[in-house]
Each structure stands twice: as structure tokens, then as C-alpha cells.
Amino acid sequence: MLSLKDPLLLKTQLFINGEWVKGDSGSTFPILNPATGTEICKLASGNKNDTNIAIQGAQSAMQKWRQTTAKHRAKILQKWHALIIENIDDLASILCAEQGKPLAEAKGEILYGAAYIEWFAEEAKRIYGDVIPSNNTSQRLLTIKQAIGVVAAITPWNFPNAMITRKVAPALAAGCAVVLKPAEATPLSALALAELAKRAGLPKGLLSIVVGADAIEIGKALTDSSLVRKLSFTGSTKVGKLLIKQCADTVKKTSMELGGNAPFVVFEDADIDKAVQGAIASKFRNAGQTCVCANRFLVQRSIYQEFTDKFVAEAKKLKVGNGNDEGITIGPLINAAAAQNVHALVTDAEKNGATKVLGGAATHLGANYYLPTILTNVTPQMRIFKEEIFGPVAPIIPFDTEEQALELANATEAGLASYVYTQNYARIWRFSENLENGIVGINEGIISSEVAPFGGIKQSGNGREGSKYGIDDYIEIKYLCMGGI
Ligand code: ADP
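In this text, all values refer to a predicted model and were calculated from it rather than measured experimentally. Counting from 1, residues in each chain are numbered in the order their sequence is written. Reporting of local features is limited, given that this is a predicted model, to residues whose pLDDT is at least 70; pairs of side-chain atoms are given and counted only at 80 or more, and all residues count toward the totals for whole chains, interfaces and linings. With hydrogens and water excluded, all non-hydrogen atoms of the structure serve as input to the side-chain values.

### Some remarks on the packing of aromatic side chains
Spelled out, the test is: Between 30 and 60 degrees the pair is tilted, below 30 it is stacked and above 60 it is edge-to-face, where a pair is any two Phe, Tyr or Trp rings, Trp via its six-membered ring, whose centres lie within 6.5 Å. Strands here mean DSSP runs of E at least two residues long; helices mean DSSP runs of H or I at least four residues long; both are numbered from the N terminus. Each residue is assigned to one of three classes by its accessible area relative to the maximum for its type, calculated with a 1.4 Å probe on protein chains only: buried under 20%, partly exposed between the two thresholds, exposed over 50%.
According to the stated counting rule, one finds 12 aromatic pairs in the structure shown. When the centroid spacing of 5.2 Å and the interplanar angle of 80° are considered together, the rings of Tyr-112 and Tyr-116 count as edge-to-face. With Tyr-112 and Tyr-116 both in helix α4 (residues 103-123) and four residues apart, the pair spans about one turn of that helix. The same class applies to Tyr-112 and to Tyr-116, which are both buried. Linked through ring pairs, Phe-264, Phe-284, Phe-297, Phe-307, Phe-311, Tyr-419 and Tyr-421 together constitute an aromatic cluster.

Dropping the structure here:
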């Protein structure tokens, strides 16, 4: 059993229109701890009827909310932020139990997630319109920015807290209401956040949480509804493409945070020790299960061996185990199927000539675990070069020239994050400008922050989360043309 200071933060029902409910079907599904395989609890399983009730409630709650002042909305968001910080230990325990990441990392995610709420509470007050110089002296032209309408949000299991606040906070700040469907593997963090939002005084209906064993049914109810004007999705490229299609019939605005295939490029003039530190942070955080994790290490041939040796030495220090235990730096993957997928990529690479210099198959810890793994002699033809690994595996590919590095880096349909290590300032500019990615880490492996725009190009999606741009996804621009002046 999960032991919490405030046991009321562990919720086992849906949160619809400000109430905890067991849902239309009355059925439940189990939530498992990936570190132990044990059941944390059974959760009410929502369906399309629950989703439609939540959408109706959101539409009606929004009418009042959108008319409130930004200052009023900001106050409630700030209260929510404060309650999250107060309850960080419990929220981290819930997150660690359902998702598997080490407790310290879970706490980091709670702080990171809460920072979006604080940020958008501040940004709520800065949704400015324009006065546009007119071509006609008898007219005055203005724009105002207004809440887009009911927002549907669908979030993944790798950041069960932060992916929610990144979407919900700007939506609420802009004056919208949200119906959220968290991942069925990790809904408990979202539900605990909803409980704290309720305690912060968020009026009912502005945030409803529907989750169930059948994600497709709930997703369809969200995309089919003409009341829902916006869908914000974080997840796989495959599901993102499907949801964009489903949104076409009602012409919803969408923002998509999809898969990545981040290149991590190390030039011979880089500070190798710093590059190794960045590589460890970027690759192994959350056991490699982030969409900005380095997926392909491109290393200049003259330093290939030195980088590899140092990288292996550092990776050996990582400690795999139950994230709730002291000193663990890599937890389990989300489930056994995820570990099998990672292993299939490693096996395919080895079969095609890659050399395993560290790690490999799962350990005695169980089928959900995978050891930190480093592969050399990887080529662009291998599956592991082309696909998102989503596990603690680092393939290293040599290159000779800057042109070749750029070609390899951009040889993917994904375009989320990238990393480049070099001391040459001209190369920093040249290379960063030519990388086909939404985010470039330059001599830096950890790039996410609520103050900066997070998002991808190409098939990694569209829209930006966080920063002054993050609110744009939740507003419409209305043009007012005043004549007869
Ligand atoms: P992952 O492979 O990382 O689990 P998914 O894209 O499958 O990524 O899942 C991300 C989110 O999308 C989860 O909340 C999941 O339940 C949801 N999801 C998956 N398939 C669908 C679908 N067809 N319609 C709506 N939501 C979906």
C-alpha cells in the first residue's frame, strides 16, 4: 500500500464537474506499480458518456470563467501551485509508484510541473491585443485575444504530472475549461492534481479528468464533440496523426507534442567531460523514456574512442532498481512490453554489426527493467538509428566532417530536440541554424524549462508549450474594425 501523509490524495474515481464519481459503466481497472508489478489500486473506468458529461460541464463552467479578470484566474492558479509544493512528498510518492522513476527525479518533476502553473498564472495578465495603424482615417483597428473554448488534453505516462500542468495551466490562464484524459498507466498523479485544484478553489467543471481502460473510446468522444475547440496531445507520432485526422471533421485547433529522435553531436573541439555529463543526463533521465532523450550519439571519429570510454565509465555508475529505494538512479521501464521493444532494437542492431560495450538484456530485477546499454559501430541503416528507443540505450555513430554530421543529424522525420557539443562559436551558430529541430541544446544536455518554448518541427508535431508562446495555443485572435470615426 502507498503510504501518504495525506491519504486523500490517492483517488480511485473520476473527477467530473467538480465531483468524484465512479463513472457510467461502474467498472474498474487496475493501476500497477512498474517497479514491483503489484497493484496500487483499482480505478473507476470512464467511457464516452462520462466524457460527454465532462465536456458539457466544461462548456457551461467556461462561460463565467472566461469573463473573470486575469488577476482572479492567476490567484487561483497560484494557490494551486502553493498546494502542490506543500504536498510534494505525497505527489512524488504517487508518481514514483505509478510511473517508476526514482523518487528524487519524481520530486524534480513535481517542481518542474508546478513551475508551469506559476508561470502561466503570471502570463494570464499579459494576454495583450493590438492597435493596428489603419489605411483608412475613419477606422480604428484592434485585436483582442479570447479563450479558444473547451480544451481536450490527452497526456502520456512518461511525465504524469508535468505534461498535465503544461497544458492545463495555460488553458485555465487563458479562460478555457479542460477535459483531460491522462494515460491509463499513470492517472493517479493527474487525479491528485485535480484534488489540489479543487482545494485551491478552482470552480467546478473547469478541470475534469476522465480516464478508462479504453483510451480510443474516450479519445473519440473528445474529438467528435463540436463543443471541444482545441485538442492538445502529447504522445506517439502514430496516435498524434490519428487524432489530427479525427479532429478534421470539427476543424479543431490542435497542438501535437510527438515522438523525437534526438541527435547528440560531439565535435572533436568539444569539452569531452562536459559532453559525457550531458550525454548521461540527456540519455538516462527517466530510464531513457523522454521525447527529448538523446537517441543517436554522433561523435567525430578522432574522439570516438575517448568519448565512448568515458561515457561507458560514467554509465557504469548508474544504479538500476526500484525508484523508491535509496540511491537508485534508473527505475524500471513502464512495463514489460516496453522493455521487450527496447531489447528488440538492441538485438536488431547487434545482428547487423553493432557492438554492445555495456549493458544489454534485462536483469534479475524483473521483466520491466533494462540495463543502461551502450552500442558502438551503429549505422544509419539500423532500426535503432531510425526509431525512437524510449529506453536506456545509447547507440554511437562516428562521423568525419561537419557536413556529414549535419546530414546524419537531420536524417529523420522527427524534429524535436537536438544537442551539439563544440567550443567553436561559428560552428555553434552554423550548426544550430541548420539543424531541423525545435530545440537545440548547445553544450547542455538538460534543456526543458517553463520559461522556454518546448516543441518540435517536422513529424514531431506543432505548437509550443511553456514560455510566452505557450498561451497562444489556447487563444483566438479577434479583429475589431471600428468605422465612422
Ligand atoms: P505511448 O506509446 O507513449 O504510450 P501513446 O500515443 O500510445 O504513447 O499514448 C499517449 C496517450 O494517448 C495516452 O493517454 C493514451 O491513452 C492515449 N491514446 C492512445 N491511443 C489513443 C487513441 N486512439 N485515441 C485517443 N487517445 C489515445
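Next comes the rest of the account.
### A short note on the sheet that holds strand β16 (residues 393-399)
Where we set the bar: The pairing criterion for strands is at least two bridges between them, as found by DSSP. Here, axes are lines fitted to C-alpha atoms. For helices the fit covers the stretch in contact, and angles between N-to-C directions go from 0 to 180 degrees.
Strand order in the open sheet formed by seven strands is β14-β15-β16-β13-β12-β18-β19, with mixed pairing between adjacent strands. Whereas interior strands pair on both sides, the edge strands pair on one side only; in this sheet they are β14 (355-358) and β19 (439-442). The sheet shows a mean angle of 25° between the axes of neighbouring strands, direction not considered. Of the strand pairs in this sheet, β14 and strand β15 (residues 373-376) are connected by three bridges, and their pairing is antiparallel. Among the inter-strand pairings, Lys-356 is bridged to a residue of β15, identified as Leu-375.

### Things to note about the domain arrangement of the protein chain
Cut-off, in case you're wondering: Residue ranges assigned to the domains are those given by an automatic or database domain assignment. Throughout, a residue-residue contact means that at least one pair of heavy atoms, one from each residue, lies within 4.5 Å. Accessible-area loss on putting two parts together, using a 1.4 Å probe and summing over both, is the definition of buried area adopted here.
Taken domain by domain, the protein chain consists of domain 1 (7-258 + 460-480) and domain 2 (262-449). One C-alpha centre belongs to domain 1, the other to domain 2, and the line joining them spans 31 Å. Listed per partner, the contact involves 22 residues of domain 1 and 25 residues of domain 2. Roughly 1,800 Å² of surface becomes buried between domain 1 and domain 2 when both sides are summed, with 55% attributable to carbon and sulfur atoms. Considering only the surface of domain 1 that becomes buried against domain 2, Pro-34, Trp-157 and Ser-460 emerge as the three largest contributors, covering 27% of it.

### Quick word on the site of the ligand
Selection rule: Think of it this way: one heavy atom of a residue within 4 Å of a molecule or strand is enough to make that residue near it. Within 3.5 Å is the distance limit for a polar contact, defined as a pair of N or O atoms, with the added protein rule that one can donate a hydrogen and the other accept it, and that residues adjacent in sequence qualify only through two side-chain atoms. Computed with the Shrake-Rupley method and a 1.4 Å probe, the accessible areas treat only the protein chains shown as cover for residues.
Near the ligand, the surroundings consist of 17 residues, among which Thr-155, Trp-157, Lys-181, Glu-184 and Ser-236 are the closest. Here an oxygen atom of the ligand sits 2.7 Å away from a polar atom, N or O, in the main chain of Thr-155. Glu-184 places a side-chain nitrogen or oxygen 2.6 Å from an oxygen atom of the ligand. For the ligand, the accessible surface in isolation is 550 Å², of which the surrounding protein chains cover 81%. Counting only elements with at least two residues in the shell around the ligand, the list comes to α7 (215-224), β10 (228-234) and α8 (237-248).

### A short note on unusual backbone geometry
Not every positive phi belongs to a glycine, and Asn-377 is a case in point at roughly 55°. Residue Ser-467 is not a glycine yet carries a positive backbone phi of 70°. With respect to the helices and strands, the residue Ser-467 is situated in the loop between β21 (461-462) and β22 (475-482).

### Observations concerning the pairing of strand β4 (residues 39-44)
When strand β3 (residues 28-32) meets β4, the two strands line up antiparallel, connected through five bridges. Looking at β4, one finds that Pro-30 is bridged to Lys-42. Where β3 folds back onto β4 in an antiparallel hairpin, the turn is made up of six residues, including Gly-37, whose phi is positive at roughly 80°.

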